[in-house]
Amino acid sequence: MSAAVREQTASRPPLGTRPPRRSTGSGPRRPSKDGGRGIWPYVLIAPAVLGTLYLLVYPLVRAVVISLQDFRLRQLILGDARFVGLDNYRTLLSESRFWEVVGRTFVFMAINVVLIMTLSTLVALMIERLGRFGRTAVLSALVLTWAMPVIAATTVFQWLFHSEFGIVNAVLTDLGFSSFDRYPWFAHGPAAFAIIVTLIVWQSVPFAAITLYSALTTVPTELYESARLDGASGPRIFRSITFPIVRPIFMLVFSLEVIWTFKAFVQIWVMTNGGPGDATTILPVYAVQTALSSQRYDLGSAASMVTVVLMSGVLVFYFRQMFRQEDELA
């Protein structure tokens, strides 16, 4: 009797433990290659991918196709466009007016980008040194300026520089500059060019300044304190400490400003339509003028493609120089 009880007791598992489960499979279970997710991630991102392809890739491909066709008003209606190869590009590149517009576009871009980056850097440095109240006020003003619609800002500038009712002429006349009484700003090429540059810089500085200020907040204060103890001046601290740390963000903002100013269209088209004459005509405006004035949609598309190629070339050249400098420093 006692031997049977001992055998039953020995066969039982210890208290607080569970008996092992029996394996129901024939072998070890292997994890699936997709982690059990299946195709659902691809299904979820499919609308965004399709929307991007339709809104970005399709118009680009369509513009390339039109630039290789004889595409005018008749072809737009009937759809019987004939393939002409690179004839539109040959016609475009043989026009002297086109090269004048190209030169003006690069000058326009350079002036805007230099002013935007200089002012944005100064504003970002100023914000960093302000107190809480001043910082909040300046950032709020920048955000409100940045949020202003482009058409609304352009209309405001049109009224500011209106020849008869503009406040700029009224203020200058009151200050004793009688030559600005009813001065037609938009009838003079350099004046209209300067107004558009001012408008674009005013609209672009808020984004660049806020982005650069965000980058400045990542610079350790210990580095500034050490540099000041060593007797470094403000410009030397900026060159040796601040700029090397914020350089990636600075280059990113620079690239975005190159793209945005190179393809500026709305402000120029609403304010001057590229005039007076061709004083404010840059490549995007030239492409629209070519397509609408003589119904040459093929030449307009070719001008747009040249714009894309030139803008890409500028960015590639700039990035190559930047990477080469980084390799030399490394």
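Relevant structure appears above.
Small disclaimer: the values here were computed from a predicted structure and weren't measured.

Cut-offs and rules
Residues numbered from 1 in each chain as written. Predicted model: local features only at pLDDT ≥ 70, side-chain atom pairs only at ≥ 80, totals over all residues. Heavy atoms only, no water. Axes fitted to C-alpha atoms, helices over the stretch in contact; angles between N-to-C directions. Helix = DSSP H or I, 4+ residues; strand = E, 2+ residues; numbered from the N terminus. Parallel < 35°, antiparallel > 145°, perpendicular 65-115°, else oblique. Left-handed = near helix turned anticlockwise from the far one by under 90°. Contact = heavy atoms within 4.5 Å. Nonpolar A, V, L, I, M, F, W, Y, C, P; charged D, E, K, R; others polar. Buried < 20%, exposed > 50% of the residue type's maximum accessible area, 1.4 Å probe, protein only. 1 Å grid on protein atoms, 1.4 Å probe; cavity = no way out; pocket = protein on both sides within 12 Å on 5 of 7 lines; lining within 4 Å. Points joined across faces, edges and corners; volume = space filled by probe spheres on them. Salt bridge = Lys/Arg side-chain N within 4 Å of Asp/Glu carboxyl O. Phe/Tyr/Trp six-rings, centres within 6.5 Å; stacked < 30°, edge-to-face > 60°. Core = buried A, V, L, I, M, F, W, Y, C linked by side-chain atoms within 4.5 Å.

A. Highlighting the packing of helix α10 (residues 221–229) against helix α11 (residues 234–262). Where α10 meets α11, the closest approach of the two axes is 11 Å, and the angle between their N-to-C directions is 165°. Relative to α11, the element α10 lies roughly antiparallel. Seen from above, α10 lies across α11 with right-handed handedness. Facing α10, whose interface residues are L223, Y224, A227 and R228, α11 presents I237, I241, T242 and I245. Residues of the contact of α10 with α11, tallied by class, amount to six nonpolar, one polar and one charged.

B. Representation of unusual backbone geometry within the structure. Residues G275 and P276 are joined by a peptide bond in cis, for which omega reads -5°. A positive phi is found at N273, a non-glycine position, where the angle reads about 60°. When you line up the elements, N273 lands in the loop between α12 (266–271) and α13 (283–293). For N273, a relative accessible area of 43% puts it in the partly exposed group.

C. Here's a closer look at empty space enclosed by the protein. Per the counting criterion, the structure on display carries one cavity of 30 Å³ or more. The volume enclosed by the largest cavity comes to roughly 70 Å³. When contributions to the lining of the largest cavity are tallied by element, the ones reaching two or more residues are α5 (96–129), α9 (189–216) and α11. Looking at the lining of the largest cavity residue by residue, the classes come out as eight nonpolar, one polar and no charged.

D. How the structure looks around the pattern of salt bridges. Scanning the model with the defined rule gives eight salt bridges in all. A salt bridge links D70 to R72; the nearest nitrogen and oxygen atoms lie 3.2 Å apart. We classify D70 as buried; its relative accessible area is 18%. Given a relative accessible area of 37%, R72 falls into the partly exposed group. Salt bridges here are not isolated pairs; linked through shared partners, they connect D70, R72 and R82.

E. Quick peek at the environment of G274. Looking at the secondary structure, you find G274 in the loop between α12 and α13. G274 sits 81 residues away from F193 along the chain, and the two C-alpha atoms are 9.5 Å apart. G274 has contacts with I268, A279, T280, T281, V285 and Q289, leaving out every residue within four places of it along the chain.

F. Fine view of the packing of aromatic side chains. One pass over the structure, following the stated rule, counts 18 aromatic pairs. Aromatic side chains Y54 and Y58 sit 6.0 Å apart centroid to centroid with 5° between the ring planes, which places their arrangement in the stacked category. Remark: Y58 and Y54 occur in helix α2 (residues 40–67); sequence separation between them is four residues, near one turn of the helix. By relative accessible area, which is 59% here, Y54 ends up exposed. We classify Y58 as partly exposed; its relative accessible area is 49%. Their ring planes at 50° and their centres at 5.3 Å tell us that W146 and F207 sit as a pair that is tilted. Taken together, the residues W146 in helix α6 (residues 132–147) and F207 in helix α9 connect sequence positions 61 residues apart.

G. Inspection of the nonpolar core at higher detail. By size, the foremost hydrophobic cluster in this structure holds 63 residues, and its most contacted members are L92, F98 and F108. Ranked by residue count, the leading element in this core is α9, at 16 residues. Ignoring anything within four residues of it in the chain, the contact list for L92 reads F98, Y286, L299, A302, A303 and V306.

H. Highlighting the layout of surface pockets. Quantified by volume, the largest pocket comes out at close to 360 Å³. Lining the largest pocket are 16 residues; nearest its centre among them are V150, Q203, S204, W260 and Q267. For the lining of the largest pocket, the secondary structure elements donating two or more residues are α6, α9, α11 and α12. When residues in the lining of the largest pocket are grouped by element, the largest group, four residues, is from α9. Looking at the second largest pocket, the residues that line it are K263, F265, P284, A287, V288, S304, T307, V308 and M311. For the lining of the second largest pocket, the secondary-structure elements that each account for two or more residues are α13 and α14 (297–329).

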